[in-house]
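Below are the chains, spelled out letter by letter.
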Protein chains: 2
Amino acid sequence: MATRSWWGWGTVEAAPGRAEEDELLGRVRALLPDAVLEDHAPPDPRTLDLPRVRVDPPPSLAPLCSSDAVDRAAHTHGKAFRDVVRNLEGLLEHPPDLVVRPTSERDVVDVLDWCSGAGVAVVPYGGGTSVVGGVEPRFEGPAVSLDLGRLDRVLEVDRTSRAARIQAGTPGPLLEAGLRPHGLTLRHFPQSFELSTLGGWLATRAGGHYATLYTHIDDLTESLRVVTPVGVCESRRLPGSGAGPSPDRLFLGSEGTLGVITEAWVRVQDRVRWRATVSVGFEDRDSAVRATRAVAQSGLYPTNCRLLDAAEALLTTGELVGGGVLVVAFESADHPVDPWLARALELTAEHGGRPLQAGTREDAGEEVPTDPAASWRSAFLRMPYHRDVLARHGLVVETFETACTWDRLDAVHESVVAAARDALARVCGGGAVTSRFTHVYADGPAAYYSVYAPGRWGSTVAQWDEVKAAVSEAILVAGATITHHHAVGRDHRPWYDRQRPEPFATALAAARRALDPAGVLNPGVLLPAGGTPQS
Amino acid sequence: MATRSWWGWGTVEAAPGRAEEDELLGRVRALLPDAVLEDHAPPDPRTLDLPRVRVDPPPSLAPLCSSDAVDRAAHTHGKAFRDVVRNLEGLLEHPPDLVVRPTSERDVVDVLDWCSGAGVAVVPYGGGTSVVGGVEPRFEGPAVSLDLGRLDRVLEVDRTSRAARIQAGTPGPLLEAGLRPHGLTLRHFPQSFELSTLGGWLATRAGGHYATLYTHIDDLTESLRVVTPVGVCESRRLPGSGAGPSPDRLFLGSEGTLGVITEAWVRVQDRVRWRATVSVGFEDRDSAVRATRAVAQSGLYPTNCRLLDAAEALLTTGELVGGGVLVVAFESADHPVDPWLARALELTAEHGGRPLQAGTREDAGEEVPTDPAASWRSAFLRMPYHRDVLARHGLVVETFETACTWDRLDAVHESVVAAARDALARVCGGGAVTSRFTHVYADGPAAYYSVYAPGRWGSTVAQWDEVKAAVSEAILVAGATITHHHAVGRDHRPWYDRQRPEPFATALAAARRALDPAGVLNPGVLLPAGGTPQS
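Residues numbered from 1 in each chain as written. Chains lettered and ligands numbered in written order. Predicted model: local features only at pLDDT ≥ 70, side-chain atom pairs only at ≥ 80, totals over all residues. Heavy atoms only, no water.

Residues and elements named next belong to chain A. With four of five residues buried, strand β6 (residues 163–167) is to be regarded as a mostly interior element. Pairing analysis gives four bridges linking strand β5 (residues 154–158) to β6, with the strands arranged antiparallel. Bridge pairing links V154 to I166 in β6. In sequence, β5 turns back onto β6 through a hairpin of four residues, with R162 there showing a positive phi of about 55°. Sheet topology places β6 next to strand β10 (residues 260–267); five bridges connect them, and they run antiparallel. Each residue of the ladder has a partner; that of Q167, found in β10, is E263. (Buried < 20%, exposed > 50% of the residue type's maximum accessible area, 1.4 Å probe, protein only. Helix = DSSP H or I, 4+ residues; strand = E, 2+ residues; numbered from the N terminus. Pairing = 2+ DSSP bridges.)

Take a look at the structure:
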């Protein structure tokens, strides 16, 4: 059994060893020669002197509740840079009073009943990988962290309809392990895949690894079961429906404010058999963007269509190409995808793209190590671990993301990068900003930015917060979204409040008051804790 | 200028002439030899003695208002069989007091202000093609029909992002005419295309002609502008977002109960250049269904994948095939689609399918007359006109539709067909039921049924209502949806109320009360007129 890190990403066992750390720090020294890079080990959570527990569960629920200091510490924050650094600094201002682990939906109902009656806030907790303050009880007043980790089973598989009923607390690897014997897969691979759960994906409208078509978990949702304080809400399993506004779409993205998702029927797929991948280099960014747009609008629906800027291309594929590298891939469980790849190559060539490496093969379940897309994917899953190493060494290292229509892309990109660089120069004396597209749609891309800067230990959270405010303001003003797939949580609230149309805020707050009359569900996420959008 | 029929489908000019009528009635005589087939002409609407007008608009709005009897009569009902027959019978129980035609969004705001203050119900009216009682003021108390037909312009085209800003009252042909000079198309072709409007499609989650992928208007929606009684709600133009529950998805399918959609940015596409079509015959229904499912789950995403049962195949393609005919088509603006069609043919052959006719070509903008898919499409658009001829001749002739997961399909289909046949035998002494799939998803099909039966003139609405209640009950009990793309309106309410999860009803009613405190928006649609789901 692997041990979850209480303060950082993932498991203790999977954390980088000395060699991996040294290699990583060596690369950072080349990038940021002025960085100090002194290691700051996490404190022992038992020494943190957490605030005392203020709630007393009824005897029937007591066996589900933990007031253990390490448990509470591990459930205090999500896993953003600012969370990890606060953990390293021992700054755990608002730990939950208890961690409650239901073993059944009935337990969830009972916890909501108790908390509604006792005025105890309930913060749903899946894999705890929020990077937006979504699982942090950042408010006064008592709170429990409702950890759904014991609801972790694939309950039912419908091979005919290719759908499966799965409990909300099931993390990615367990979910896939439950589907594999049926020859099926959900094919939803967010970067947090190892730890994050189906319920967390649904509650936050998570984005998967695939670049087009079914990018968000929303599209893989057949029906939901949600415990609300006024009753259990179960939608019908339907492949499509036009019966009023979609019930599921109200709960998708509700981030625990309207109810606790306990299980879902999700659309699964046959396991991939054919793959074809190519990486295409460009001399200038404009051509690269035009080529990416052409592929996005072609109706070919690549599974990957990831445009890495020159810096990211160099870091992850080793290729030095001025305009960046577009990684295009196709996959199918049904048929060879060569005609699809051939047409994508024609399109990229029309915009001056030059193939760097290509591979097309019948899949043997292994990644081809020389495939740049594969090396990129592997790096992708290690990134949060590396982020923690750099955070420990006093760097400001974080990502942010957005999406916009193609017509606004240049303006959004330029103002966001300028805002990031200005802020970094101001608060860190400089730093690097890299970017890629993580998803592309016919009408626009989702752009993802990574920031690396030398920080002052003890101030790196404040430094990042200032950079984040600057880029968020740029995103909002330029007409993009404050989040494409990281959710709103508490950290994005100031910009989400301005992005969200006011009548919709009014409707959402009314729905929330109706479903959660006591206002105990994840207060401060999406809506102000008081429940009205203005308060 | 064509003249809209006040009582039936479409325009007076496009109604079938004597030859088309005779041919149609000849076919019906063969199918239903006992039917009487006596013609019943519509009354002159000026002789109908409509209830007096009960409302008095403020002078500023008076120029937008019509109390003309023909106008009121034409806005009393939608265009379901039961609407057309009631018109033919002169039974116009609840005409709107006024027809109001805003010329700007400001007018819409002013009308809602006036109606909210005066307690006058507002029934939004696009093309008036509702088949579920969605535009009928079926309640006591004064009402205006808010006809958005003057908001009919394509306002802006963003060629780069392939999106267009279009007013809600724009009907299909005008919308396509506005996009054509830009080489673009929305490619949303519901059967009502000639008359229905973008706003109507959005408010009812309309389904288009295409069988897979982007079936509903929902997926083509980039952003919405909605006038609510508490303010204008405009969502941001975004290709994708994870910022809280989707604002657009609350208004999509709200059927005029949460606000009046005035315009939208929609995702448009390059015009189709390559097409490939094949019709495949099957000896038995099970094989046909399995083949259709295989294509639906292949990831090929055909634009058409329409399984016609034996009767429909005979009626529309002239082919006599025991297990029905599957029409499969692919289209692209970007590339030849032959590899796609070839793989679909392999899949259908694996299930015993036998190609009847195939065509693959570069499109010249014309239909190939011998193509069975084309003859089917042409018949598709004429069907509502033919329905009116048959309704005038005393037949019970109507359609209904649903969707379910593949695992439930046999049970749903058998119980629905049995319920229809039992009810027809009971109330009409017999009749025919045919079926097809209109849309297919990886996890299930949308099934569409047509009913033809001899009726007793003067009782055909009551006869149909009894059949409809029986099939709706069968649909609900079997776990399918009461509507896949016809919406809920007033006619589907009894079954929608049971299908919809109760906590979602609570949330929706609360949202409605918050956005429409006076409860004037389309009372009785989706929710009880009082605004609470229980009342």
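Having seen the model, we can carry on.
Turning next to the pattern of salt bridges. Tallying each qualifying case throughout the model produces 78 salt bridges over all chains. Its salt-bridge partner being E263 of chain B, residue R165 of chain B comes within 2.6 Å of it at the nearest N-O pair. Highlighted residues: R165 of chain B in strand β6 (residues 163–167) and E263 of chain B in strand β10 (residues 260–267), separated in sequence by 98 residues. Given a relative accessible area of 11%, E263 of chain B falls into the buried group. Because the salt bridges share partners, they merge into one network encompassing D83, R86, E136, R138 and D491 of chain A. (Salt bridge = Lys/Arg side-chain N within 4 Å of Asp/Glu carboxyl O.)

Turning next to the relation of the copies chain A and chain B. Once chain A has been moved 0.0 Å along the axis and rotated by 180°, it coincides with chain B to within an RMSD of 0.0 Å. In the structure described here, the two chain copies are related by an operation that fits a two-fold rotation axis. A share of 100% of the interface residues of chain A reappears at the interface of chain B, consistent with the copies meeting face to face through the same patch. (Least-squares fit on C-alpha atoms with pLDDT ≥ 70 in both. Contact = heavy atoms within 4.5 Å.)

Our focus in this paragraph is helix α4 (residues 105–118) of chain A. Residue and element names in this part refer to chain A. Helix length check: α4 (14 residues) gives 20 Å between terminal C-alpha atoms against 20 Å at 1.5 Å per residue, within 8%. Considered for burial, the residues of α4 that qualify are E105, D107, V108, V109, V111, L112, W114 and C115. Residues of α4 that are buried make contact with β2 (98–100), β3 (121–125), β4 (143–147), β8 (221–228), β9 (231–234) and β10. One or two residues past the end of α4 sits G119, with phi positive at roughly 65°. (Expected span 1.5 Å × (residues − 1).)

Now for the interface of chain A and chain B. In this complex, chain A contributes 82 residues to the contact, which on the side of chain B involves 82 residues. Both sides of the chain A and chain B interface together cover about 6500 Å² of buried area, and 60% of this is carbon and sulfur. Per-residue buried area on chain A facing chain B is highest for R236, P239 and P245 of chain A; these three make up 11% of the total on that side. Remark: the boundary between chain A and chain B carries six salt bridges. For the pair chain A and chain B, the interface holds 30 residue pairs in polar contact (both at pLDDT 80 or more). Secondary-structure elements contributing two or more residues to the side of chain A that touches chain B are β8, β9, α7 (247–251), α10 (338–350), β18 (444–454), α13 (460–477), α14 (493–499) and α15 (502–515) of chain A. Counting residues per element, the side of chain A that touches chain B draws most heavily on α15 of chain A, which supplies nine residues. Considered class by class, the residues forming the side of chain A that touches chain B number 39 nonpolar, 27 polar and 16 charged. (Buried area = accessible area lost by both parts, 1.4 Å probe. Polar contact = N/O pair within 3.5 Å; in protein donor to acceptor, adjacent residues only side chain to side chain. Nonpolar A, V, L, I, M, F, W, Y, C, P; charged D, E, K, R; others polar.)

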